[in-house]
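# Residue-level structure breakdown
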Amino acid sequence: MKNIILLAPPAAGKGTVAKYLCDTFGYVSISTGDMLREEAKSNEELKAIMESGKLVGDDIVFDLLKAKLNKLGNTPYILDGFPRTVNQAVMYDELLQNIERELGVVIYLDVDKEELKERVVSRIVCPECKASYSTREDDFAPKNGNLCDKCNIELVHRDDDSEEVFYQRYEEYLAKTMSLIDYYEGKGLLVRIGDTDPVVVFDKVSSLVKEND
Ligand SMILES: [Zn+2]
């Protein structure tokens, strides 16, 4: 299985795709944020940096990532939300070279902006277990009126699931990520998947990660 860098704008279904890969093919999802929080439990220096709200230096992030990848051995992994910048992407290339690993494939869930907006404004969530449902798609509608399938309590529409907040987050994401997308596209490593049907997305992702394996 190929390793994956997963890029996706808000509401494009990154979590769903990651979960599918972990459940189906035994991928491990790596979030550098989680890695840092874990390390900070036993590292006073890092803890102090994080508590002060300062940015953690790339060197620390890469040290942790390197240790993590070495520990993983041949288990395929998904980098979730990382690299964030072209500079980090270059450092990641160097790290891979260093430990003689392949980057794999960069998957960009390039779902149409208006479709994403519709998902967000029609989203209702359970205040208890955070499960999300849709008032628009029957497949994702709650089974019983406006109640959570699991907790049986009333679902709510969050204030920040608005058209305005969505457009703002989407534009912020693009502005931040565009140069990274260009970087990987230029290397011929980026694959865009713009489908909305999860079955089709899973199918495409599956054939991508198995390719030439
Ligand atoms: Zn619930």
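Residues numbered from 1 in each chain as written. Predicted model: local features only at pLDDT ≥ 70, side-chain atom pairs only at ≥ 80, totals over all residues. Heavy atoms only, no water.

### A closer look at the sheet that holds strand 3 (residues 77-80)
With respect to topology, five strands assemble into an open sheet ordered 2-3-1-4-7, the strand pairing being parallel. With one partner strand each, in any of the chains shown, strand 2 (28-30) and strand 7 (190-193) form the two edges of the open sheet. Strand-to-strand, the axes of this sheet are offset by a mean angle of 25 degrees, without reference to chain direction. With three bridges connecting them, strand 1 (residues 4-7) and strand 3 associate as parallel partners. Paired with I5 across the two strands is L79, which belongs to strand 3. (Pairing = 2+ DSSP bridges. Helix = DSSP H or I, 4+ residues; strand = E, 2+ residues; numbered from the N terminus. Axes fitted to C-alpha atoms, helices over the stretch in contact; angles between N-to-C directions.)

### So, the pattern of salt bridges
Per the stated rule, a full pass over the model turns up 20 salt bridges. Taking the shortest distance from any N to any O, the salt bridge between E38 and K41 comes out at 3.3 Å. Of the charged contacts, one joins R136 and E137 as a salt bridge, the two residues approaching to 3.2 Å between their closest N and O atoms. The exposure class assigned to R136 is partly exposed, which follows from its relative accessible area of 34%. E137 gets classed as partly exposed once you look at its relative accessible area, which sits at 28%. Each member of the salt-bridge network shares a partner with another, and the members are R123, R158, D160, D161 and R169. (Salt bridge = Lys/Arg side-chain N within 4 Å of Asp/Glu carboxyl O. Buried < 20%, exposed > 50% of the residue type's maximum accessible area, 1.4 Å probe, protein only.)

### Examining unusual backbone geometry
Most peptide bonds are trans, and most residues other than glycine sit at a negative phi. Geometrically, the link from F82 to P83 is a cis peptide bond, its omega value of -10 degrees lying close to zero. Even without a glycine there, the phi angle at E100 is positive, about 55 degrees. Tracing the chain through its elements places E100 in the loop between helix 5 (86-98) and strand 4 (105-109). Of note in the backbone geometry, N152 takes a positive phi value of approximately 60 degrees without being a glycine. Topologically, N152 is positioned in the loop between strand 6 (132-134) and helix 7 (163-186).

### Notes on the packing of aromatic side chains
Geometrically, a pair of aromatic rings is defined through the distance of the ring centres and the angle of the planes. Taken as a whole, this structure holds six aromatic pairs when the rule is applied. Judged by centre distance (6.1 Å) and plane angle (90 degrees), the rings of Y20 and F25 are edge-to-face. Each ring, one from Y183 and one from Y184, has its centre 5.2 Å from the other, and the planes form 70 degrees; the classification is edge-to-face. Looking at Y183, the relative accessible area reads 19%, which means it is buried. Here the aromatic cluster, defined as three or more aromatic residues joined through ring pairs, consists of Y20, F25 and F202. (Phe/Tyr/Trp six-rings, centres within 6.5 Å; stacked < 30°, edge-to-face > 60°.)

### Focus on the layout of surface pockets
Volume-wise, the largest pocket comes out at about 800 Å³. Elements with a contribution of two residues or more to the lining of the largest pocket: helix 1 (14-25), helix 6 (113-121), strand 6 and helix 8 (198-210). Counting residues per element, the lining of the largest pocket draws most heavily on helix 1, at four residues. Class assignment for the residues of the lining of the largest pocket results in twelve nonpolar, seven polar and nine charged. (1 Å grid on protein atoms, 1.4 Å probe; cavity = no way out; pocket = protein on both sides within 12 Å on 5 of 7 lines; lining within 4 Å. Points joined across faces, edges and corners; volume = space filled by probe spheres on them. Nonpolar A, V, L, I, M, F, W, Y, C, P; charged D, E, K, R; others polar.)

### Some words on helix 1
In a regular helix each residue adds 1.5 Å, so twelve residues correspond to 16 Å; helix 1 covers 16 Å between its end C-alpha atoms and thus fits that length. Positive backbone phi, at 75 degrees, marks G26, one or two positions downstream of helix 1. (Expected span 1.5 Å × (residues − 1).)

### Some words on the packing of helix 2 (residues 32-40) against helix 3 (residues 44-51)
Running from N to C, helix 2 and helix 3 point in directions that differ by 125 degrees, and their axes come no closer than 8 Å. Our classification of the angle between helix 2 and helix 3 gives oblique. On helix 3, the residues that touch L36, R37, E39 and A40 of helix 2 are L46, K47 and M50. Classifying every residue of the contact of helix 2 with helix 3 gives four nonpolar, no polar and three charged. (Parallel < 35°, antiparallel > 145°, perpendicular 65-115°, else oblique. Contact = heavy atoms within 4.5 Å.)

Worth remembering: the numbers are spatial, not functional.
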